[in-house]
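# Structural features, examined
Listed below, chain by chain, are the residues.
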Amino acid sequence: MDRLSDQPTVPAAAEPHGHGLRLLRWNPDRDADVADWLRIREDPDFRRWNTPLKPVTDFDSARDSLRAQAADAANGGCAPFRVTDAATGTTLGHVGVNAIDQVFRLARVGYWVLPEARGQGVAARALALATRWAFDELGLHRLELGHALGHDASCRIAEKCGFPYEGTLRGAMFEAGRRDAFRDVHLHARIATDPEPTVK
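Residues numbered from 1 in each chain as written. Predicted model: local features only at pLDDT ≥ 70, side-chain atom pairs only at ≥ 80, totals over all residues. Heavy atoms only, no water.

What follows deals with the pairing of strand β4 (residues 91-101). Across the 11 residues that make up β4, a large majority, nine, are buried. With six bridges joining them, strand β3 (residues 79-85) and β4 adopt antiparallel strand pairing. Looking at the pairing, alanine 79 lines up with valine 97 of β4. Count of turn residues in the β3/β4 antiparallel hairpin: five residues, of which glycine 89 carries a positive phi of about 80 degrees. Between β4 and strand β5 (residues 106-113), which pair antiparallel and follow one another directly, the connecting turn spans four residues, one of which, arginine 105, has a positive phi of 55 degrees. (Buried < 20%, exposed > 50% of the residue type's maximum accessible area, 1.4 Å probe, protein only. Helix = DSSP H or I, 4+ residues; strand = E, 2+ residues; numbered from the N terminus. Pairing = 2+ DSSP bridges.)

Compared with an ideal rise of 1.5 Å per residue, which puts 16 residues at 22 Å, helix α3 (residues 59-74) spans 23 Å between its outermost C-alpha atoms and is within 8% of the ideal. Within the span of α3, buried status applies to Ser61, Ala62, Arg63, Leu66, Gln69 and Ala73. The elements touched by buried residues of α3 are α1 (31-41), β3 and β4. The opening residue of α3 is aspartate 58, an N-cap whose side-chain oxygen sits 3.3 Å from the backbone nitrogen of aspartate 60. The first or second residue beyond α3 is glycine 76, which carries a positive phi of 85 degrees. (Expected span 1.5 Å × (residues − 1). Contact = heavy atoms within 4.5 Å. Polar contact = N/O pair within 3.5 Å; in protein donor to acceptor, adjacent residues only side chain to side chain.)

And the structure:
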C-alpha cells in the first residue's frame, strides 16, 4: 500500500474550539506567530524537556521551522495548531497531531504552553480538543503521547485526558540540549473507543 497516497487530507479550515479555547493554524508569514515560536524555544522549561531536531535560534530560523511544519501539514503528515484564547485570540501555546499514519490510523500528540499561560489547564484543554478532532475528523484509531521521564506535569495532563501510562521506552529521546545522549520516555496512549474523560 502506498503510504503517501493514503495519507489523510487534513481540513485546512479546521478550527476546533471549546473549553474556552480555539485551535488555529500557525502562519509562518505572520510575524507574531514566528515570534511566539521563537520565544518558546528560548524558554528554559521548554528546553529542559524538548530537544528539537533542528535548532531555532533566531527569527529567520523560527520562520523556516514554521514553514517546514506547514509543508508537512499540507502533505497530511501532521496537524499543528496554535492554541488561542477563544475570547481574545491571544496565543497560549501549541498542540500538534504529528507523524500521522493513515495505514495504521495512528499519530502522536504533543503540546507546549507559553510561560504566562501555564498553571491554567491550557495544555489539558487543548489536548482534549485536538484528540477529539483527530478521532472524529481524521478517523484515527490510536494516539500516542510520549514525554521525558520525570516530566510529572505532562504525566498528569496525559492521565487527565484519558491517555493511560503504557510503559517506559528506554533511550527513546535525546537528553536536554544534546544529540549524543538519550533518556527514557513514558508512553501514554488513547484509542478511539476509550471512554471520553471530563476535562475542564
